[in-house]
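Now for the letters of each chain:
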Amino acid sequence: MARVRLSVAERREELLRAAVEQIEARGVAAVRIADVASALGVSNALVLYHFSSKEQLVAAAFAHAAEGDLAHLRRLLGRRSSAVRRLRAAVRWYAPTGQAKGWRLWIEGWAASLRDPGLRRVAASLDQEWKAALTRVIAEGAAAGEFRCADPAAAAWRLTAFLDGLAVQTTAYAGSLSRTAMLRWADAALARELNLPDDGEGEDNTPSGT
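Residue indices follow the written sequence of each chain, beginning from 1 at its first position. Where local features are concerned, this predicted model is filtered to residues with pLDDT of at least 70; where side-chain atom pairs are given and counted, the filter is 80 or more; whole-chain, interface and lining totals use all residues. Based on all heavy atoms of the structure, the side-chain values leave hydrogens and waters out of the count.

Chemist: I keep staring at the overall build of the protein chain and nothing clicks. Help me out?
Modeler: Runs of H or I in DSSP of at least four residues are treated as helices and runs of E of at least two as strands, each being numbered from the N terminus. Helix and strand content of the protein chain: nine helices and zero strands. Residue exposure (1.4 Å probe, protein chains only): buried if accessible area is under 20% of the type maximum, exposed if over 50%, otherwise partly exposed. In the protein chain, which comprises 210 residues, the share counted as buried stands at 45%. Working rule for contacts: check all heavy atoms of both residues, and any pair within 4.5 Å makes them a contact. In the protein chain, once contacts between residues fewer than 6 apart in sequence are set aside, the share between residues at least 24 apart is 64%. Per-residue accessibility takes into account occlusion by the displayed protein chains alone, with areas from the Shrake-Rupley method and a 1.4 Å probe. Surface exposure of the protein chain reaches about 11,100 Å², of which carbon and sulfur atoms provide 53%.

Written out as C-alpha cells, the structure is:
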C-alpha cells in the first residue's frame, strides 16, 4: 500500500515522534538516523532532508517532547484557583511519579548536552521556561498574601533542582523509593519554599483574612 503523502509539517511531526521513541529505547549515543527511518519505513535521505544531521534531529526531538509538557504546565498554572493549589498540582505532575515528560529522555538529553552545544542551548532554554512559569505563580501567590516567599525565582530554582535530582536517582535506581514517599517529599519541598506547614493540604494553609 502506498504511503499517504504528508505535508512538510506533518512529516516533521512524524519524524520527531519516531525520534523520541528511538531515543527513549536506545539512548542518544546509540540512536542513528537509520533507526528513525526504519521505524517509519522511509529512507535515510528523507530524514536528512528535514534534519541535516543526527545532532539536529536529537535537539529537535528533545524540544518537541518538552514543549508538550510545557504547554500542559502552562494550563495547570493558568487555572482559576489559588496559587498554592496550582503550584501543588504542577509540582505533583512534574515529580518523577507524575505524568510529566519521560524522565529517561530528559536524563539522556542532559548527558548528551555536555558534548553537544546545540542540544545544550535547547535544554537550557526549556529549563528557563519551566523556572520562569513557576516563578510567576509563586510571585503572584506571595503578592496576594497566600504565603511568604521573599525570592520566587530562587524558590523555583530550588524546587526544580530538587525534583530533577530526585528524578535522576529514581530513574537510575528504579524501585529505590515508593511513589508515596516521592509525593510526600515533593509536597514537603513546596511547603518549605512557601513557608507553609507541611500537612499535605496546602490549600488550607492560606492565612486567614486574605
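Next comes the rest of the description.
Chemist: Help me understand the packing of helix α4 (residues 54-77) against helix α7 (residues 117-143) in this model?
Modeler: In a pair of packed helices, the angle between the axes and the distance between the axes together describe the arrangement. Look at α4 against α7: their axes get within 10 Å of each other, and the N-to-C directions meet at 5 degrees. If you check the angle between α4 and α7, you find them roughly parallel. Of the residues in α7, those in contact with Val58, Ala59, Phe62, Ala63, Ala66, Glu67, Asp69, Leu70, Leu73, Arg74 and Leu77 of α4 are Leu119, Val122, Ala123, Leu126, Glu129, Trp130, Ala133, Leu134 and Val137. The classification used treats Ala, Val, Leu, Ile, Met, Phe, Trp, Tyr, Cys and Pro as nonpolar, Asp, Glu, Lys and Arg as charged, and all other residues, Gly among them, as polar. Partitioning the contact of α4 with α7 into residue classes produces 16 nonpolar, no polar and four charged. Note on method: axes are straight lines fitted to C-alpha atoms, helices fitted across the in-contact stretch only, with angles between N-to-C directions ranging 0 to 180 degrees. Any angle that is under 35 degrees is reported as roughly parallel, and any over 145 degrees as roughly antiparallel; angles of 65 to 115 degrees are reported as roughly perpendicular and all others as oblique.

Chemist: What am I meant to see in helix α6 (residues 103-113) here?
Modeler: Each turn of an α-helix holds 3.6 residues, which means side chains three or four residues apart point in the same direction. Among all positions of α6, only Trp103, Leu105, Trp106, Gly109, Ala112 and Ser113 are buried. On its buried side, α6 packs onto α1 (8-26), α4, α5 (83-94), α7 and α8 (152-172).

Chemist: Looking at this structure, I do not really get the packing of aromatic side chains. What am I missing?
Modeler: The description of an aromatic ring pair uses the distance of the two centres, along with the angle that the planes make with each other. Aromatic contacts are taken between Phe, Tyr and Trp rings whose centres are within 6.5 Å, Trp giving its six-membered ring; a plane angle under 30 degrees counts as stacked, one over 60 as edge-to-face, and the others as tilted. A full pass over the atoms with the stated rule returns two aromatic pairs. With a centroid separation of 5.8 Å and an interplanar angle of 20 degrees, the aromatic rings of Trp93 and Trp130 are classed as stacked. You can see Trp93 sitting in helix α5 and its partner Trp130 sitting in helix α7, a full 37 residues away along the chain.

Chemist: Is there a simple way to think about the packing of α5 against helix α9 (residues 179-193) in this case?
Modeler: Their axes nearest at 10 Å, the elements α5 and α9 cross at an angle of 140 degrees. By the angle between their directions, the pair α5 and α9 is classed as oblique. You can see that α5 and α9 cross each other, and the crossing is right-handed. Here α5 contributes Leu87, Arg88, Val91 and Arg92 to the contact with α9, which in turn contributes Leu183, Ala186, Asp187 and Leu190. When the residues that make up the contact of α5 with α9 are grouped by side-chain class, the tally is five nonpolar, no polar and three charged. Here a crossing is taken to be left-handed if its near helix is turned anticlockwise relative to the far helix by less than a right angle, and right-handed if that turn runs clockwise.

Chemist: Would you mind going over the pattern of salt bridges with me for this structure?
Modeler: Where charged atoms of side chains with opposite charge meet at close range, the side chains can pair. When a carboxyl oxygen of Asp or Glu lies within 4 Å of a side-chain nitrogen of Lys or Arg, that pair is called a salt bridge. Applying the stated rule across the entire model yields ten salt bridges. Between Asp187 and Arg88 there is a salt bridge, with its nearest N and O atoms 3.3 Å apart. Taken together, the positions of Asp187 in helix α9 and Arg88 in helix α5 put the pair 99 residues apart, joining distant regions of the chain. Neither Asp187 nor Arg88 differs from the other in exposure class; each is buried. Look at the salt bridges and you will find they share partners, linking Arg26, Arg32 and Asp35 into a network.

Chemist: Help me out: how do you make sense of the side chain of Ser113 in this one?
Modeler: Residue placement: Ser113 occurs in helix α6. In terms of polar contacts, Ser113 uses its side chain to reach the backbone carbonyl oxygen of Trp110, at 2.7 Å. Ignoring anything within four residues of it in the chain, the contact list for Ser113 reads Leu119 and Arg120. In protein, a polar contact means a hydrogen-donor-capable atom and an acceptor-capable atom, both N or O and within 3.5 Å, with residues adjacent in sequence counting only if both atoms are side-chain atoms; elsewhere, any N or O pair within 3.5 Å suffices.

Chemist: Looking at this model, I keep getting lost on the environment of Glu140. Mind explaining?
Modeler: Note that Glu140 resides in helix α7. Judged by relative accessible area, which is 41%, Glu140 ranks as partly exposed. In this structure the side chain of Glu140 is engaged in a polar contact, spanning 2.6 Å, whose partner is the side chain of Arg86.

Chemist: It is not clear to me how the environment of Val28 should be interpreted in this structure. Could you clarify?
Modeler: On the secondary structure map, Val28 appears in the loop between α1 and α2 (33-40). It is 8.6 Å that separates the C-alpha atoms of Val28 and Leu105, two residues lying 77 residues apart in sequence. When neighbours within four sequence positions are excluded, Val28 is seen to be in contact with Ile23, Lys54, Val58, Glu108, Gly109 and Ala112.

Chemist: I tried to follow the side chain of Ser82 on my own but got confused; where do I start?
Modeler: Along the chain, Ser82 turns up in the loop between α4 and α5. At 3.1 Å, the side chain of Ser82 forms a polar contact with the backbone nitrogen of Arg85.

Chemist: Would you mind going over the nonpolar core with me for this structure?
Modeler: The nonpolar side chains of a soluble globular protein tend to be buried, and buried together. What is meant by a nonpolar core is a set of buried Ala, Val, Leu, Ile, Met, Phe, Trp, Tyr and Cys residues, joined one to another through side-chain atoms within 4.5 Å. Judged by nonpolar contacts, the single largest core of 60 residues is most densely connected at Leu57, Leu77, Leu87, Ile138 and Phe147. At the level of secondary structure, the elements contributing two or more residues to this core comprise α1, α2, α4, α5, α6, α7, α8 and α9.

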